[in-house]
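# Architecture at a glance
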Amino acid sequence: MGGRVGLKGTDGAQIKEKAIRLGATKRSPPRAVEALREIALMKDDIDLVTYPHEMGENEAIECGFSPRVIGSVESGSTTAEDTKRAAREMADLEVDMILFAGGDGTARDICEAIDQELPVLGIPTGVKIHSSVFAVNPRKAGRLAVDYLRGEASLKTAEVMDIDEEAFRENRLSAELHGYLKIPFEKRLVQPTKSASSPGIDEESNKEAIAEYVVAEMDDSIFLLGPGTTVKAVADRLGTEKTLLGVDVVNQDEILARDVNEDEILELVKGKDVKIVVSPIGGQGFIFGRGNQQISPEVIKQVGRDNIIVIATKSKLSSRKPGEPLYVDTGDKDVDEMLSGYMRVITGYQEEAVVKVSR
């Protein structure tokens, strides 16, 4: 829930309270509903077990299920311990699989509670999604759950990764492997683990060539520079200092704001000509919806598809398997649809590729 307000995660009670004070809203309930609607077609054939209130009961009822509710929680102030206890009790009931909504922190809690006792699948709703236990988006989580329950999907062991949030907020990325979960698997429905770009000389030269071309083509517009080292090269070319993991705002070589949240972006772009520069996340291939939720659907709608500049090094693009698209998962179906199709990706100085984008 902290993505749009620029907090880069909400693990822990204090940071969650801060996110709420800044105006953050929970992403999990509507995205859980989106997944459960895919499963609702077989609601008469399954026994859906949930924890109370916002831990699944409310969303299940909204989708037409009559869930079996176990355990107890204090509504409005659920904790990581509630997640662990729910997973443990469901495992003791020998359910066929656990479907959860959250990010890497929630995946860690479940891994700690039940390890690989039974299949688990994540609906991606968090800011940090480095683990490979999540579906590509909520709809695909629902479809994969249906396929598995029908015996049409295999199982795979997947990594549970997480980062140090405090280090992340200080512009340092430190990801660690915390264990493995057993997940239902269909390649087109599950996102891979995030991977870093190779720091080799060719990679750095490629970033510099991309940056030189982007800067040469810059006009008087305001530019939103997304996270990542490829976009940082653009800021370096402009001679401005950029937050590596945040969204910064520049006009030519002047930095207007650093590490902005959604509200600050909307205020800055009001009535202005604006362009967005983003690079897909290595390994996962997401352009929007992972680690850059500050560039929200409302921001994207104001800026427009034609003013989105996607940049990627050749090694990052070539690491995609043949025919594998880039992805968007903004949380807004209409915006995801608007972004889908083919997009130009700048891969060098006056060099571009046309790549399919899927939601």
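Residue numbers restart at each chain and count upward from 1, following the sequence in its written direction. Local features in this predicted model are restricted to residues whose pLDDT is 70 or higher, and side-chain atom pairs enter the listing and the counts only when it is 80 or higher, whereas totals over whole chains, interfaces and linings include all residues. With hydrogens and water stripped out, all remaining heavy atoms of the structure feed into the side-chain values.

### Quick word on the pairing of strand 4 (residues 120-124)
As a general feature of sheets, a regular strand has side chains that alternate between the two faces. Among the 5 residues that make up strand 4, 5 are buried, leaving the element largely enclosed by the rest of the structure. Note on exposure labels: buried denotes an accessible area under 20% of the residue type's maximum, exposed denotes more than 50%, and partly exposed covers the range between, all computed with a 1.4 Å probe on protein chains only. Strands here mean DSSP runs of E at least two residues long; helices mean DSSP runs of H or I at least four residues long; both are numbered from the N terminus. Side chains Val120, Gly122 and Pro124 of strand 4 all project onto a buried face; the interleaved residues Leu121 and Ile123 project onto the opposite face, where all are buried too. Any two strands with at least two DSSP bridges between them are considered paired. Relative to strand 4, strand 3 (residues 98-102) runs parallel, the two being bridged by 5 bridges. Bridged to Leu99 within strand 4 is Leu121. By convention, orient the strands away from the viewer: a clockwise path from the first strand over the helix to the second makes the crossover right-handed. In this view, the connection linking strand 3 to its parallel neighbour strand 4 by way of helix 5 (residues 104-114) has right-handed handedness.

### Here we look at the pattern of salt bridges
Pairing is possible between side chains that carry opposite charge, provided their charged atoms lie close to one another. Salt bridges, as used here, are contacts in which a Lys or Arg side-chain nitrogen is within 4 Å of a carboxyl oxygen on Asp or Glu. Summed over all chains, the structure comprises 23 salt bridges. Among the ionic pairs, Glu34 bridges to Arg139, the shortest N-O distance being 2.6 Å. Residue Glu34 is found in helix 2 (residues 28-39), and its partner Arg139 is found in helix 6 (residues 138-149); the two are separated by 105 residues along the sequence. The exposure class of Glu34 is partly exposed, given its relative accessible area of 22%. Take Arg139: its relative accessible area is 10%, and that puts it in the buried class. One salt bridge connects Glu212 with Arg237, and the closest N-O pair in it is separated by 3.9 Å. One end of the pair, Glu212, is in helix 8 (residues 201-216); the other, Arg237, is in helix 9 (residues 229-238), and 25 residues separate them in sequence. Residue Glu212 is classed as partly exposed on the basis of its relative accessible area of 34%.

### A closer look at the nonpolar core
Grouped together as the largest cluster of nonpolar side chains are 48 residues, with contacts concentrated most on Phe65, Ile98, Ile114 and Val133. If you list the elements that add at least two residues to this core, you get helix 2, helix 4 (80-92), strand 3, helix 5, strand 4, helix 6, strand 5 (154-163) and strand 6 (175-185). Throughout this description, the term nonpolar core refers to a set of buried Ala, Val, Leu, Ile, Met, Phe, Trp, Tyr and Cys residues connected via side-chain atoms within 4.5 Å. Counting 30 residues, the second-largest nonpolar core is a separate cluster that includes Ile222, Val278, Ile308 and Val355.

### Some thoughts on unusual backbone geometry
The phi dihedral of Gln252 falls on the positive side, at around 55°, and the residue is not glycine. Relative to the helices and strands, Gln252 is located in the loop between strand 8 (248-251) and strand 9 (254-257). Here Gln252 falls in the partly exposed class, since its relative accessible area comes to 39%. If you check the backbone angles, Gln350 has positive phi at about 60° while not being a glycine.

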